[in-house]
Amino acid sequence: MTVTISDVDERVEFSTLLDSVFDERVNGLIEEADRTGTFPRQIIAALGDAEVFARKWQRGHVPDLHLLFALAERLGRTGSAGISVGVSLHDSAIAILRRFARSDMLVDLTERAIRGDAVVCLGASEAGGGSDLQVVQSTATPVPGGYRVRGAKKFVSLSTVADVVLVVVRAGDTARSAGELALIALDRNDVEVGPAYEKLGAHCLETAPITFDVEVPAEALVARAGTGLAALSWGLAQERLSIAGQVVGACDLAMGITVARLKSREQFGSRLFDHQALRLRFADLQARLDVLRWALQGLAASGQVPSIRAASGLKVTAARLGEEVMSECLHVFAGAGYLVGQAPVEKWWREMKLARVGGGADEVLWELVATGLTPDFDGYARTVSE
Ligand SMILES: Cc1cc2nc3c(=O)[nH]c(=O)nc-3n(C[C@H](O)[C@H](O)[C@H](O)COP(=O)(O)OP(=O)(O)OC[C@H]3O[C@@H](n4cnc5c(N)ncnc54)[C@H](O)[C@@H]3O)c2cc1C
């Protein structure tokens, strides 16, 4: 792939644009959101107004990964998982719409979402399962001119503030195979949203259950029966890549503050940083964080459309590293770190756990990676003489 000057210019401009969007006002909104546990729609509006989504999606349905990671890292550096994941879920919904929306109604929704005028969220998980979507019970049954859509979703982040929810449904009451899954857009007004859950962290993500029983026009169908899982997987691949980038940003923030702690606090007559055991542990974490950062940059530079498997492997590896980084940061702050409100690391530690669950938990992602494990039978035959 040839990288042109205009590509480089575009990435630099995008980065400058992000600097300008995350200004005092937006950072103030984020602080307020973390304090009140309410997701500010103005964040999506501000990103839309500044054309962050428009630039990211200007090349059609395949985003420039440089821009995807730039946004993700910037979100991670806000130190608010609620904001980061909220924005990336909206953007992942755009990814699905950008690729699969066909009707005028959905194309219009996509444009509004890109402009930040509409907030879109995703409802896949049900009480019966999040990892295993084969157990989805919600249904879409054909009626004249459209579908009757009935069911319930257990976890729908942003459902309290969104305009539209993309729900995974079984296209027919009796169909039981995964191949029958479809994806359909529901107007938020047609959905009953329950109270948002109390969570360990990411409070402003506002995750709530929804129930629905509504007739929608045929134009609301995003992905027909048999393609719903593929459409969702496309969105989830974007979400997983974003989470990997968010981990990099969040760890940069936490490491910087923790290294400052290491260099400012003294115990046993010398700075914590001067104790080799601590210094080397952080050097190891920094080295692995840099490997992750360069892996993301390398993937972006390769120009490839990342496979579901690659996105899954990056997300699970990033999330586990992120959890380790936050745990070690909290460890350095020790007693003060464990107290609520004295240092931000306890919040970051609680929030990072979500990275290992949301968008697919570790084992589910490893299973996707496992499908690509390739045996070298020739080499085996040549080298093994048991
Ligand atoms: C704060 C928050 C926000 C969320 N927001 C959304 C949202 O907006 N939209 C949405 O659709 N969902 C959302 N979710 C749901 C999330 O995607 C699921 O929680 C996640 O996919 C895991 O599903 P589960 O909780 O049902 O766990 P389960 O599927 O019950 O899995 C339990 C554990 O078993 C492991 N496991 C499962 N299957 C296997 C296997 N075959 N082999 C080995 N191990 C296995 C899993 O990795 C996990 O560790 C959200 C969840 C949280 C906590």
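Please read these numbers as outputs of a predicted model, since none were measured by experiment. Residue numbers restart at each chain and count upward from 1, following the sequence in its written direction. In keeping with the model being predicted, local features are shown solely for residues with a pLDDT of at least 70 and side-chain atom pairs are shown and tallied solely at 80 or more, while totals for entire chains, interfaces and linings include all residues. Computation of side-chain values: all heavy atoms of the structure, hydrogens and water removed.

**Topic: the packing of aromatic side chains**
Here comes step 1: Only centres within 6.5 Å qualify two rings of Phe, Tyr or Trp (six-membered ring in Trp) as a pair; their planes then separate them into stacked at under 30 degrees, edge-to-face at over 60, and tilted for everything else. Summed over all chains, the structure comprises 1 aromatic pair.
Here comes step 2: Ring centres of Phe155 and Tyr197 lie 6.0 Å apart, and the angle between their planes is 50 degrees; this geometry places the pair in the tilted category. Of the two residues, Phe155 sits in strand β3 (residues 146–157) while Tyr197 sits in the loop between β6 (191–193) and β7 (207–217), which places them 42 residues apart along the sequence.
Here comes step 3: Burial classification: accessible surface area is computed with a 1.4 Å probe over protein chains only, and a residue below 20% of its type maximum counts as buried, one above 50% as exposed, and the rest as partly exposed. Given the relative accessible area of 43%, Phe155 is considered partly exposed.
Here comes step 4: Given a relative accessible area of 31%, Tyr197 falls into the partly exposed group.
Here comes step 5: In our convention, an over-ring charge means Lys NZ or Arg CZ found within 6 Å of a ring centre and within 35 degrees of that ring's normal. When the ring centre of Trp234 is taken as reference, the NZ or CZ atom of Arg99 above it lies at 4.4 Å.
Here comes step 6: Taking the ring centre of Phe273 as reference, the NZ or CZ of Lys263 above it sits at 4.3 Å. Secondary structure elements follow DSSP: runs of H or I no shorter than four residues count as helices, runs of E no shorter than two count as strands, and numbering proceeds from the N terminus.

**Topic: the site of the ligand**
Here comes step 1: Being near a molecule or strand, for a residue, comes down to having at least one heavy atom within 4 Å of it. Looking at the ligand, there are 18 residues lining it, with Ala124, Gly130, Ser131, Ser157 and Glu363 nearest.
Here comes step 2: Definition of a polar contact: a pair of N or O atoms within 3.5 Å, with one able to donate and the other able to accept a hydrogen when the atoms are protein atoms, and with sequence-neighbouring residues admitted only if both atoms are side-chain atoms. Taking Phe155, its main chain carries an N or O atom lying 3.1 Å from a nitrogen atom of the ligand.
Here comes step 3: Residue-level accessible areas treat just the shown protein chains as cover; the underlying method is Shrake-Rupley with a 1.4 Å probe. Contact with the protein chains covers 62% of the free accessible surface of the ligand, which is 970 Å².
Here comes step 4: When residues of the shell around the ligand are traced back to their parent elements, those giving at least two are β1 (120–123) and β3.
Here comes step 5: Tallying contributions element by element places β3 first for the shell around the ligand, with 3 residues.
Here comes step 6: If you count residues domain by domain, the shell around the ligand takes at least three from each of domain 2 (121–226) and domain 3 (230–370). The domain limits used here are those given by an automatic or database domain assignment.

**Quick word on the domain arrangement of the protein**
Here comes step 1: Partitioning the protein into structural domains gives domain 1 (5–119), domain 2 (121–226) and domain 3 (230–370).
Here comes step 2: Computed over C-alpha atoms only, the centres of domain 1 and domain 3 are separated by 21 Å.
Here comes step 3: Tallying the contact residues gives 27 residues for domain 1 and 28 residues for domain 3.
Here comes step 4: Buried surface area refers to the total accessible area, computed with a probe of radius 1.4 Å, that the two partners give up upon joining, counted for both partners together. When the two sides are added together, the surface that domain 1 and domain 3 hide from each other amounts to roughly 2200 Å², 66% of it contributed by carbon and sulfur.
Here comes step 5: When residues of domain 1 are sorted by the area they lose upon contact with domain 3, Leu65, Phe69 and Glu73 head the list and together hold 25% of the total.
Here comes step 6: The term salt bridge refers to a side-chain nitrogen of Lys or Arg lying within 4 Å of a carboxyl oxygen of Asp or Glu. Where domain 1 touches domain 3, the interface holds 1 salt bridge.
Here comes step 7: Residue Asp34 is joined to Lys347 by a salt bridge in which the shortest nitrogen-to-oxygen separation is 3.1 Å.
Here comes step 8: Here domain 1 and domain 3 share 9 residue pairs in polar contact (both at pLDDT 80 or more) between them.
Here comes step 9: Taken together, the elements giving at least two residues each to the side of domain 1 that touches domain 3 come down to α5 (65–76) and α6 (81–100). By the convention used here, residues are in contact when the closest approach between their heavy atoms is within 4.5 Å.

**Re the pairing of strand β5 (residues 181–187)**
Here comes step 1: Among the 7 residues that make up β5, 6 are buried, leaving the element largely enclosed by the rest of the structure.
Here comes step 2: Pairing between two strands requires that DSSP report at least two bridges joining them. Where strand β4 (residues 164–170) and β5 come together, 7 bridges link them in antiparallel fashion. Considered in β5, the bridge of Val169 is made with Ala182.
Here comes step 3: Bridge analysis of β5 against strand β8 (residues 221–223) gives 2 bridges, and the strand direction is antiparallel. Within the sheet, the bridge partner assigned to Ile184 lies in β8 and is Leu221.

**A word on the UniProt feature "domain: Acyl-CoA dehydrogenase/oxidase C-terminal" (unreviewed entry) in the protein**
Here comes step 1: Within this numbering scheme, the UniProt entry marks residues 226–373 as carrying the feature "domain: Acyl-CoA dehydrogenase/oxidase C-terminal" (unreviewed entry).
Here comes step 2: For residues 226–373, the end-to-end C-alpha separation is 26 Å, with 76% helix and 3% strand making up the annotated structure. UniProt positions are given in the numbering used here, feature names are shortened, and annotations may be inferred rather than shown by experiment.

**Topic: helix α9 (residues 276–302)**
Here comes step 1: An expected span of 1.5 Å times one less than the residue number is assigned to each helix. Compared with an ideal rise of 1.5 Å per residue, which puts 27 residues at 39 Å, α9 spans 38 Å between its outermost C-alpha atoms and is within 8% of the ideal.
Here comes step 2: Among the residues of α9, those classed as buried are Leu278, Phe282, Leu285, Leu289, Leu292, Arg293, Leu296, Leu299 and Ala300.
Here comes step 3: If you follow the buried residues of α9, they end up packed against α5, α8 (228–264) and α10 (308–338).

**Quick notes on the pattern of salt bridges**
Here comes step 1: Enumeration according to the criterion identifies 25 salt bridges in this entry.
Here comes step 2: As a salt-bridge pair, Glu323 and Lys353 come within 3.3 Å of each other at their nearest N and O atoms. Highlighted residues: Glu323 in helix α10 and Lys353 in the loop between α11 (345–352) and α12 (362–370), separated in sequence by 30 residues.
Here comes step 3: Residue Lys353 is classed as partly exposed on the basis of its relative accessible area, which comes to 33%.
Here comes step 4: Each of the salt bridges in this network shares a partner with another, and the network as a whole consists of Arg320, Glu323, Lys353, Arg356 and Asp362.

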